[in-house]
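Fold and geometry: a report
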Amino acid sequence: MNSLIPTPDIFPASWEFFRFLLMLLFPLHLILMNAMVGTTAITAYALLRKDETMRGLACELARVLPFLIAFTVNLGVAALLFLQVTYGQFFYAGSVLMGVYWIAVVPLLLLAYYAAYLFDFKFSNMNKPLAIFVIFLPLIIFLAIAFIYSNNMTLMLDPEAWRAYFGTQNGTVLHWGHTPLIPRFLHFITGGLAVGGLFVALLGRVRKKLDPAVRAAAERIGMRVFTILTGVSILAGFLFLAALPRQMLLLFMGRDIIATVVFAVGMILAVIVVVAGGSRKVWLCAWLVVPLMFFMSYLRDVVRTAYLQPYFSPVALPVVPQFGAIAMFLIALLAGLVTVAWMMWKAASALGVTKP
Ligand code: HEM
């Protein structure tokens, strides 16, 4: 046992209960994060083009961006809550090693949020170079945050790498020695941009009050980005898989039946969405991408479990049930979910989204 791993806290309910909530909320964070990154990238691309329709598209996408940032952060915080309960002793130790980058996420996010609002409110008064700067800033920040999180989520899986602390105690350790880091990050980013493209195409479909040329451009560009980048993300996914240790790779090749079936179904779904994306079946892609994200998040969790297997067993965790506290938590959670659903409904009506 690695002596650097802190003792886990006492659990107020079974570990599986919190893991279920993590597995429910993380894919939602991922979907919103994808919509946010993809929308920002397509806004930046539209702005670089010398075309009035594209400028109109950039202006419309700018209106959505602050909402997407807010929902991504909120769902990220919810996932964080359950991650720190389920894997706190690994997550916090890894985070301390890279504390400078971790804390930097807060000011970076504030800057990105501010830039997104500035772009939304002042877009029509900005000259082009300034507008380009103001939209590329959040894009670069989002990519940097994603990279920080990929480091964070892999450093927590590798207690042997924590020994780096004895050489670098200033909170700037990154997980460069971890072979799957870069393919993993590329898989997230290309997949994220792809799903973001699908989100932009969906916006073109549902915002019927928009100029028809802008709606058509949103759908055309969104679906092209979705189809091409889903293909690239599948390739990056294979690179990620190939970079994993052999015993983990074998989990998806029959050693773990559930993981193998989920992997196979995920691959079939991925191929179907590429084909459907090529023929611009926006709604079909949207309906298939949601379960696909849940399947891929499950596979990511299989990898996490395999990495932590030498150090961690949920069975050995101390549980002292606190029914009252858990009941209060569930009531607050339900109230929170109802509030978020209400906010989403309000946001959709403010943006003029109507039923397909
Ligand atoms: C707004 C910009 C953000 C981006 C671009 C982003 C992106 C990502 C990415 C790419 C991952 C997966 C990393 C990996 O496994 O390799 C991730 C995971 C995660 N993010 Fe975010 N994120 C953002 C904001 C946040 C915020 C503000 C929080 C909460 C404070 C958050 C909480 C989490 C958590 C807890 C996970 C891991 C969940 C798990 O391992 O089950 N994220 N994020």
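In this report, we go over the structure that sits alongside the text. (Residues numbered from 1 in each chain as written. Predicted model: local features only at pLDDT ≥ 70, side-chain atom pairs only at ≥ 80, totals over all residues. Heavy atoms only, no water.)

1. Overview of the overall build of the protein chain
Within the protein chain, the secondary structure is distributed over 10 helices and 0 strands. Counting from the amino terminus, helix and strand elements in the protein chain follow one another as α-α-α-α-α-α-α-α-α-α. In terms of overall dimensions, the protein chain is globule-like: its C-alpha atoms have a radius of gyration of 21 Å, near the 21 Å expected for 356 residues. The principal-axis extents of the C-alpha atoms in the protein chain amount to approximately 60 × 45 × 40 Å. The buried share among the 356 residues of the protein chain stands at 47%. (Helix = DSSP H or I, 4+ residues; strand = E, 2+ residues; numbered from the N terminus. Rg over C-alpha atoms; globule rule 2.2 N^0.38 Å. Buried < 20%, exposed > 50% of the residue type's maximum accessible area, 1.4 Å probe, protein only.)

2. As for the packing of helix H1 (residues 15-48) against helix H2 (residues 52-97)
Relative orientation and spacing of two packed helices are given, respectively, by the angle between their axes and the distance between those axes. Two elements in contact, H1 and H2, have axes separated by 7 Å at closest approach and are oriented at 160°. Considered as vectors, H1 and H2 are oriented roughly antiparallel to each other. In this structure, H1 meets H2 at a crossing whose hand is left-handed. Taken together, the residues of the contact of H1 with H2 sort by class into 30 nonpolar, 7 polar and 2 charged. (Axes fitted to C-alpha atoms, helices over the stretch in contact; angles between N-to-C directions. Parallel < 35°, antiparallel > 145°, perpendicular 65-115°, else oblique. Left-handed = near helix turned anticlockwise from the far one by under 90°. Nonpolar A, V, L, I, M, F, W, Y, C, P; charged D, E, K, R; others polar.)

3. Looking at the pattern of salt bridges
Should the charged atoms of two oppositely charged side chains come close, the side chains can pair. Counted according to the given criterion, the structure contains 6 salt bridges. Residues Glu 60 and Arg 63 are paired through a salt bridge, measuring 3.8 Å at the closest nitrogen-oxygen approach. With Glu 60 and Arg 63 both in helix H2 and 3 residues apart, this pair spans about one turn of that helix. Across the salt bridge formed by Arg 205 and Glu 219, the nearest N and O atoms sit 2.9 Å from each other. Highlighted residues: Arg 205 in helix H5 (residues 181-206) and Glu 219 in helix H6 (residues 212-243), separated in sequence by 14 residues. A relative accessible area of 15% places Glu 219 in the buried class. (Salt bridge = Lys/Arg side-chain N within 4 Å of Asp/Glu carboxyl O.)

4. What about the environment of Met 23?
Position of Met 23 among the secondary structure elements: in helix H1. Residues Met 23 and Ala 79, 56 residues apart in the sequence, show an inter-C-alpha distance of 8.4 Å. In contact with Met 23, not counting residues within four places along its chain, are Phe 294, Ser 297, Tyr 298 and Asp 301. (Contact = heavy atoms within 4.5 Å.)

5. Section: the site of the ligand
Residues in contact with the ligand amount to 22 residues; listed here are only the nearest, His 29, Ser 150, Arg 184, Arg 300 and Arg 304. The contact in question runs from a nitrogen atom of the ligand to an N or O atom on the side chain of His 29, over 3.0 Å. Here an oxygen atom of the ligand sits 2.7 Å away from a polar atom, N or O, in the side chain of Arg 184. Counting residues per element, the ones that place at least two in the shell around the ligand are H1, H2, helix H4 (128-155), H5 and helix H9 (282-308). Along the lines of polarity and charge, the residues of the shell around the ligand split into 16 nonpolar, 3 polar and 3 charged. (Near = heavy atom within 4 Å. Polar contact = N/O pair within 3.5 Å; in protein donor to acceptor, adjacent residues only side chain to side chain.)

6. Overview of the coordination of the iron atom of the ligand
Ideal geometry at a metal centre gives angles of 109.5 degrees when four donors are arranged tetrahedrally and 90 or 180 degrees when six donors are arranged octahedrally. Donation to the iron atom of the ligand from the protein comes from one atom only, His 29 (NE2), at 2.2 Å. With respect to the secondary-structure elements, His 29 resides in helix H1. (Donors = N, O, S within 2.8 Å, 3.2 Å for Na, K, Ca; no water.)

7. What to know about the side chain of Arg 300
Note on placement: Arg 300 falls in helix H9. One buried charged residue, Arg 300, forms no salt bridge at all, with the nearest opposite charge on Asp 301 at 6.2 Å. When near neighbours in sequence (up to four residues on either side) are disregarded, Arg 300 contacts Phe 26, Met 153, Arg 184 and Phe 188. (Lys, Arg positive; Asp, Glu negative; His and termini not counted.)

8. Describing unusual backbone geometry
Its identity is not glycine, yet Arg 280 carries a phi of approximately 55°, on the positive side. Inspection of the secondary structure puts Arg 280 in the loop between helix H8 (257-278) and H9. Note on Arg 280: relative accessible area 39%, which makes it partly exposed.

9. Comments concerning the environment of Leu 241
Along the chain, Leu 241 falls in helix H6. For Leu 241, a relative accessible area of 11% translates into the label buried. Spatially, the C-alpha atom of Leu 241 lies 23 Å from that of Leu 22, the residues being 219 residues apart in sequence. Ignoring anything within four residues of it in the chain, the contact list for Leu 241 reads Leu 249, Phe 252, Met 253 and Phe 263.

10. Here we look at the nonpolar core
Formed by 113 residues in total, the largest nonpolar core has its most connected members in Leu 57, Tyr 87, Phe 90 and Phe 252. Of all the elements in the fold, those that place two or more residues in this core are H1, H2, helix H3 (99-122), H4, H5, H6, H8 and H9. Ranked by residue count, the leading element in this core is H2, at 19 residues. Excluding anything up to four places from it in sequence, Tyr 87 contacts Trp 15, Leu 22, Met 156, Asp 301, Arg 304, Thr 305, Leu 308 and Phe 312. (Core = buried A, V, L, I, M, F, W, Y, C linked by side-chain atoms within 4.5 Å.)

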